[in-house]
Amino acid sequence: MNSANENVDIVNVRDINLVFFPILLHGGIHYFCVVFNLKTNMIDILDNIHWIGSLYVHHLRNINHHPSAKILATIEPRVVEMKWRTKANYVDYWVFLMRHMETYMGGGSRGWFTGLPTEAEGHKKALQTLIIKYTWKLLGKHNQFKNAIKHEIDNMVMKLSIRSF
């Protein structure tokens, strides 16, 4: 466990603007993200699922005594519109979640660039690229199977002729 904590810095929640909560629903078949913007007092949902924001507002108010807690408790969250939303993809929600958390800066859909094409444009290759990217990053330097998995990923990249993100 020491290796996991080596690069961890303690941060005061008052110094944070965006707080991302990845949410897993329905036995692991759907992920989405709730983002609390503590600077602008907005709550954004990066998907199309029900809001659970009151849990974090409770945490801010009762545990951290954050100045935005009272305001956030009264705010109706907004579901951020996304051109790349899917209707038929029920397996890659985790990839969308990771990309949303990597690229979202709190301004709603205006100016938000993920690099994801629409479902109609065909996003299979982009998702495959991101799966490889995130899998590789999740492996980390302490994974004893890293080299074998890297070899498999390199083979996938070669077969798919994937561009990197």
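Per an unreviewed UniProt entry, the protein chain carries the name Ubiquitin-like protease family profile domain-containing protein and comes from Centaurea solstitialis.

Participant: Is there a simple way to explain the packing of aromatic side chains in this structure?
Facilitator: Here a ring pair, both rings aromatic, is described through the centre-centre distance and the interplanar angle of the planes. Taken as a whole and judged by the stated rule, the model has 3 aromatic pairs. Measuring from centroid to centroid gives 5.9 Å for F21 and F36, while their planes differ by 85°, and the two rings are edge-to-face. Of this pair, F21 sits in strand β1 (residues 18–25) while F36 sits in strand β2 (residues 30–37); the two residues are 15 residues apart in sequence, bridging distant segments of the chain. Judged by centre distance (4.7 Å) and plane angle (70°), the rings of Y104 and W112 are edge-to-face. Summarising the burial analysis for this pair, Y104 and W112 share the class buried. Site record: aromatic cluster; members linked through ring pairs are W84, Y104 and W112.

Participant: Teacher, can you tell me more about the nonpolar core here?
Facilitator: A general feature of soluble globular proteins is that nonpolar side chains tend to end up buried together. L46, W84, Y104, W112 and L116 are the most contacted members of the largest nonpolar core, which has 16 residues in total. Elements with a contribution of two residues or more to this core: β2, α4 (93–103) and α5 (124–139). The greatest single-element share of this core, amounting to 4 residues, is contributed by α5. With residues up to four places along the chain from it excluded, the contact list for W112 reads L46, V80, M82, W84, H100, T103 and Y104.

Participant: What am I meant to see in the pairing of strand β3 (residues 42–46) here?
Facilitator: With 4 of 5 residues buried, β3 lies mostly within the body of the structure. Sheet analysis places β3 next to strand β4 (residues 78–79), joined by 2 bridges and oriented parallel. Paired with D44 across the two strands is R78, which belongs to β4.

Participant: How should I be thinking about unusual backbone geometry in this particular structure?
Facilitator: When glycine is set aside, most residues are seen to have a negative phi, and most peptide bonds are trans. Positive phi, normally seen in glycine, also occurs at N41, with a value near 55°. For N41, a relative accessible area of 17% translates into the label buried.

Participant: It is not clear to me how the pattern of salt bridges should be interpreted in this structure. Could you clarify?
Facilitator: For the structure on display, the rule yields 3 salt bridges. With a shortest N-O distance of 3.8 Å, R85 and E81 are connected by a salt bridge. Classification of R85 as partly exposed rests on a relative accessible area of 25%. For E81, a relative accessible area of 53% puts it in the exposed group.

Participant: Please clarify how the environment of T86 should be interpreted in this entry.
Facilitator: Among the secondary structure elements, T86 is positioned in the loop between β4 and α4. Between the alpha carbons of T86 and H123 there is a distance of 9.7 Å; along the sequence they are 37 residues apart. The contact partners of T86, leaving out residues within four places of it in the chain, are Y93, F96, E119 and H123.

Participant: How should I be thinking about the packing of α5 against helix α6 (residues 146–160) in this particular structure?
Facilitator: Packed helices, taken two at a time, are described by the angle between their axes plus the distance between the axes. Put simply, α5 and α6 touch, their axes get as near as 11 Å, and they point 165° apart. Between α5 and α6, the angle falls in the class roughly antiparallel. Along this stretch, α5 crosses α6, giving a crossing that reads as left-handed. Between α5 and α6, the contacting residues are K125, Q128, I132, T135, W136 and L139 on the first element and K146, I149, K150, I153, M156, V157 and L160 on the second.

Participant: What's the story with the environment of M156 in this structure? I'm lost.
Facilitator: On the secondary structure map, M156 appears in helix α6. Overall, the relative accessible area of 39% leaves M156 in the partly exposed class. Here the alpha-carbon distance between M156 and T129, two residues 27 residues apart in the chain, equals 9.5 Å.

Reading the values: the criteria
- Residues numbered from 1 in each chain as written.
- Predicted model: local features only at pLDDT ≥ 70, side-chain atom pairs only at ≥ 80, totals over all residues.
- Heavy atoms only, no water.
- Phe/Tyr/Trp six-rings, centres within 6.5 Å; stacked < 30°, edge-to-face > 60°.
- Helix = DSSP H or I, 4+ residues; strand = E, 2+ residues; numbered from the N terminus.
- Buried < 20%, exposed > 50% of the residue type's maximum accessible area, 1.4 Å probe, protein only.
- Core = buried A, V, L, I, M, F, W, Y, C linked by side-chain atoms within 4.5 Å.
- Contact = heavy atoms within 4.5 Å.
- Pairing = 2+ DSSP bridges.
- Salt bridge = Lys/Arg side-chain N within 4 Å of Asp/Glu carboxyl O.
- Axes fitted to C-alpha atoms, helices over the stretch in contact; angles between N-to-C directions.
- Parallel < 35°, antiparallel > 145°, perpendicular 65-115°, else oblique.
- Left-handed = near helix turned anticlockwise from the far one by under 90°.

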